[in-house]
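# Chain and residue survey
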Amino acid sequence: MSAPTPQQTDADSAEGRCLARSVADVLAEEPTLEAVTVNHTRKTISVATLGRADVARLTERVTASIQQAEQARVEHPCALLAGEGDCLTCETPLTAQELQSVTIRHEGDATTIARVTCPTAPKFWRWRDIPWPRVVQRDVEFLEHAENIDEWKAQLAAAVLCGVFGLTGYFLGTNPLAIYSFLLAYLAGAWFTTQEVWERWQQRAIDVHFLMLAVAVGSASIGAWAEGTTLLFLFSLSGALEHFALGRTQREIRSLFKEAPKVATVLDEAGRERELPVERLRRGMRLLIKPGAQFPVDAEIVKGQTASDESNLTGEAAPVEKAVGDGVLAGTMNLWGAVEVGVLRAAKESSLQKIIQLIKDAQQQKAPSQLFTDKFGTYYTYSVLGLSVTMFFVWWLGQGLSPFTPAGGRQSAFYHAMTLLVVASPCALVLSIPSAVLAAIAWGARHGILFRGGAAVEKLAGVNTVALDKTGTLTTGELRVERVESFPPGRELEVARLAFSLERLSTHPLARAITRYGKQQGLEAITFEHFESVTGQGLQTRRGEMNCQLGRREWLAKGAHAAAICEVPATDAGYNEVWLAEGELLGRVVLRDDIRTQAQSVVREMQREGLRVVVLTGDRKATAEHLKEQLQLDDVRAELKPEEKVAAIRGLGQNGQRVAMVGDGVNDAPSLAMADVGVAMGARGSDAALEQAEVVLMHDRLENFLAAFRLSQRARRIIRQNLVISLGTVVVLVCFALLGKIPLTLGVVGHEGSTVVVVMNSLRLLFGGTPVKPATPEGV
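Rules used throughout
- Residues numbered from 1 in each chain as written.
- Predicted model: local features only at pLDDT ≥ 70, side-chain atom pairs only at ≥ 80, totals over all residues.
- Heavy atoms only, no water.
- Phe/Tyr/Trp six-rings, centres within 6.5 Å; stacked < 30°, edge-to-face > 60°.
- Helix = DSSP H or I, 4+ residues; strand = E, 2+ residues; numbered from the N terminus.
- Buried < 20%, exposed > 50% of the residue type's maximum accessible area, 1.4 Å probe, protein only.
- pLDDT = per-residue confidence, 0-100.
- Contact = heavy atoms within 4.5 Å.
- Salt bridge = Lys/Arg side-chain N within 4 Å of Asp/Glu carboxyl O.
- Expected span 1.5 Å × (residues − 1).
- Pairing = 2+ DSSP bridges.
- Axes fitted to C-alpha atoms, helices over the stretch in contact; angles between N-to-C directions.
- Core = buried A, V, L, I, M, F, W, Y, C linked by side-chain atoms within 4.5 Å.

## Notes on the packing of aromatic side chains
- Enumeration over the complete set of coordinates arrives at 11 aromatic pairs.
- Ring centres 6.3 Å apart and planes at 15° place the aromatic pair Phe 182 and Trp 225 in the stacked group. Of this pair, Phe 182 sits in helix H5 (residues 177-202) while Trp 225 sits in helix H7 (residues 225-254), and the two are 43 residues apart along the sequence. Pair check on accessibility: Phe 182 and Trp 225 agree, each one buried.
- Ring pairing ties together the aromatic residues Phe 392, Phe 393, Trp 396, Phe 404 and Phe 414, which thus form one cluster.

## Some words on the confidence of the model for the protein
- Mean pLDDT over the protein works out to 78, with 79% of the residues at or above the 70 mark.
- In this model, residues 74-91 is a region of pLDDT below 50 whose contacts with residues beyond four sequence positions or in other chains number 33 contacts.
- Here residues 774-780 scores under 50 on pLDDT; set against residues more than four positions off or in separate chains, the count is 16 contacts.

## Re the pattern of salt bridges
- By the definition in use, this model includes 22 salt bridges.
- The salt bridge involving Glu 300 is made with Lys 519; its shortest N-O contact spans 2.1 Å. Of this pair, Glu 300 sits in strand E9 (residues 299-303) while Lys 519 is found in helix H17 (residues 509-520), placing the two residues 219 residues apart along the sequence.
- We note a salt bridge from Glu 577 to Arg 588, for which the minimum N-O separation is 2.6 Å. Within this pair, whereas Glu 577 is found in strand E21 (residues 575-582), its partner Arg 588 is found in strand E22 (residues 585-592), the two being separated by 11 residues in sequence.

## Section: helix H13 (residues 434-446)
- An ideal rise of 1.5 Å per residue puts 18 Å on 13 residues; H13 measures up with 18 Å between its terminal C-alpha atoms.
- H13 sits mainly inside the fold: 12 of its 13 residues count as buried.
- Those residues of H13 lying buried are Pro 434, Ser 435, Ala 436, Val 437, Leu 438, Ala 439, Ala 440, Ile 441, Ala 442, Trp 443, Gly 444 and Ala 445.
- Phi turns positive, to about 80°, at Gly 448, one or two residues after H13.

## Quick notes on the pairing of strand E1 (residues 33-39)
- Within E1, seven of the seven residues are buried, leaving the element largely enclosed by the surrounding structure.
- Taken together, the six bridges between E1 and strand E2 (residues 44-49) define a ladder with antiparallel strand orientation. Pairing of Val 36 across the sheet is with Val 47, part of E2.

## Considerations on the sheet that holds strand E17 (residues 480-486)
- Read across the sheet, six strands follow the order E17-E22-E21-E20-E19-E18 without closing on themselves; strand pairing throughout is antiparallel. The sheet is open, and its two edges are formed by E17 and strand E18 (530-534), each paired on a single side. Within this sheet the neighbouring strands show an average axis-to-axis angle of 15°, counted without direction.

## Digging into the side chain of Gln 155
- Inspection of the secondary structure assignment puts Gln 155 in helix H4 (residues 151-172).
- According to the relative accessible area criterion, Gln 155 is buried, its value standing at 6%.
- Apart from residues lying up to four places away in sequence, Gln 155 is in contact with Phe 192, Ser 236, Gly 239, Ala 240 and His 243.

## Structural notes on the nonpolar core
- Phe 451, Leu 460, Leu 474, Met 606, Val 695 and Phe 705 are the most contacted members of the largest nonpolar core, which totals 51 residues.
- Take this core: its biggest share by element is nine residues, from helix H25 (residues 703-738).
- Sequence-distant contacts of Val 695, that is, excluding residues within four places in its chain, are made with Ile 449, Leu 450, Phe 451, Ala 456, Leu 460, Val 677, Gly 678, Val 679 and Ala 680.

## With respect to unusual backbone geometry
- With an omega of 0°, the peptide bond between Phe 487 and Pro 488 qualifies as cis.
- Positive phi values are uncommon outside glycine, yet Gln 632 reaches one of about 55°.
- For Gln 632, the position within the fold is in the loop between helix H21 (621-631) and strand E24 (635-637).
- Among the residues examined, Gln 632 registers a relative accessible area of 55% and is labelled exposed.
- The backbone phi angle of Glu 639 is positive, close to 55°, even though this residue is not glycine.
- Position of Glu 639 among the secondary structure elements: in the loop between E24 and helix H22 (642-654).

Here's what the structure looks like:
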C-alpha cells in the first residue's frame, strides 16, 4: 500500500484525506483494528481485525467515523483542494508523522486505510462487512427515550377512564347499558397493556401483561365483568405509577445538564471568525467564547481571563477563576470574560459526554439480583400458566365444580383458575429490584454520584475496606508550583523551561501543575528527539548529545548527580518535588498539594461505618507517615508503583476483604479494575480512571463516597424489603387461591396492591436521604 499521489483526481484526494482523518483516529484508539475499506459507489464498508476484537464496538466506532466524513461531503460538496490536496472540509488533516503510521490506497471506487505493519501481517487479518451509515445531521447525544418521560400521564388518564366506566357499569346493574360501559372500561384499561403484549408477542415471548390480559378476557367470558374491570383498573394504575417513578428518575438525570451549544465560533490563524457545528470541532482548534456562553468542548484557556460556573458538573456553586493554561469543561458557563480557548478533545469525548454515557450505561446494566429475577420471572410466568391450567382440571374433574358457570352456590373451576392466575403473577417481583436500583441511580446522579449500573449499587453495599489514593483523593489534587531551584543557583529558568517542555506531554497531576506554571510564565517549549516514560519513576529524553531525566529523587540519585542530590534536604511533609538533570544542569521543582479540609472527618465517618481505611501512595514514607498521623488512618503503604498498588489490592482481597478503591489518575486505573468496586474522583478524573470505575464522584468531594456507600446500603435494604413483600404476598394469596377461599376481586386488590407498595417503597430512595456534609476539622 502507498499514500495517494498528487496525480490522483481532486475528488479522490479530498475524499481520501477526510476519510483518512476520521479512520486514522479510530485506528489509533482501537489496537485490534488493522484496516478499513470504503466503497462510496456500492455503499459498503469492510474492516480487518487481528486477534480478539469487540466487533460490536468496532462497528459502532468505524460507522460513526465514516458518518462524520460523509457528513462533511454532504455539507460541503464543492470544497475540493487546499494547498497540496487537503480537503477544506477536513479541519485537521493528517500530519506528516501521522501519514507515516497509516497507508492509503485507492482501487477504483474503493479506498483502503490501514496501519503500517509488517508484510506478513495482512495474511492473518480477518475481514468483516459492516453496515453503511445513514448521513443525518448529528447532535451531541443526550439521554434516550426522553419523549417517554411523561407517558405515565396518558396511562393514568386511561386508568381513570377505566375506573369511571367500570363504576358506571356496576351501578347500572342489570341495565343493558352496563355491558357497553364495561366494554369502554375494558378498552381504556387494556389499551396500553395490549400494546405491551403485542410487542412481546412479536419477540415470541410473554410476560405478566399477557397474564393480566388473559385473566381480564377470561373474566368477561364468564360474565364477571366487574372483577375483570377491577383488575384492568388496578393494573393500569400500577403501570402508570411505575412509569411515573421511572419518568421521575429520568427527569432527575436530565435536569443535571443544560442544553449544549450546537455551534461554536472558530478563529483561523488570521483571527477571522466563522461558525462551525460542535461535532466537527477537533483538537487544536482555537475558539472564541463570549461572556454568558457555554464552553462547547473541553478546552484550555490560551488568551484572556474569566470565571466559569461548573456547578452542573462538579457541584461547586462558587465561580472558578480561569486564566491562561487552565482547563475548562464542556457544558460549563463562561461568566464574564471573552476568552480564546484551544480545543483539547472532540465533543463526543468531552467530560459532559462521558458523564451522560456513564448514566446511559448505568440504566442499561442490571444488578446481579435483577438478572436472577428476570431469568426466574420468565420461567415463573410459564409455570403459573401451567399451574392454573392444571388446577382448572383438578377443580373441575377432581372436585366436581362446574367448568365455566357457577352452580349450587359455588364458583366455577374457571373462576378459581383465573383467581390463581392473578394472585400468582409476578408483577411486584419483576419491579422489586429495577425500581429500587433506578431510584438509587437517580438520587445519586442528582447529588453528584454516578453508578455504572445496578451491580455497582449492590456491590458497594458489601464493601468493608476502602483503599484511597493520596493525590487528588485525600488531597485537593490542585497542585501549584511553590518554587524552582537549581544546584548551584542561577539556572532556575533553564530548569523551569526543561520541566515544562517534558511535563506538557503528561497528564499526571504534578505534570499538569508544572505545565500550567510554564504557560502562565510564558515559557517556550523545547523539542526533544526521543521521549520515554519510565513507569513509576519519571521521564527521560534526549536533546542533541545530552540525555535529560525528570522524575523522582530516588531515581535521579542513582545517576551522575547522586552526591549533589544527597546534599539537598528533602521537602517538608505536604510538599512534592520533581527533579531534573541534563548534563551538568541539576534542579528541582517544588510543588504543594493541600489535604482536603474534610478529609479527617470523612475518614472518621468511614471508620464509624465499620470501614477499614488504607492509603496507597507513591509518595515518600515520611510524607505517608505524616498523613497517617494527621488523619488517623488504619494503614498507609508508601513508595508504591502502579503494579505494586495492584498487588496490594489483590492481597487485601485474598485476605477476605471486599475492597473499594478510590482514585483519579491514569496510574490508578489498574487498581480500580482490580478492586471489588472502583471509584473515580471528579469530572476532572482521567479517561482511564473513569473507564475502569464503577462509581464516579462527580462533585470531586471525598465525602460523597460516604453518601454513595450509605445509599447503596439503603438500596440493598429496600430491595430485600421489596422481595419479602412481593414473594410474601404471592405465597399467602396463592395458598388461599388453591384452597378456593379468596374471591377474584380480593385477589386482584391484593396482587396489584403489593405492586403499588413495592414501587412506592422504591421511591423512598428517590426522595429520602441527604448528602454527607461533615464538619470541617481544625488543624487539617
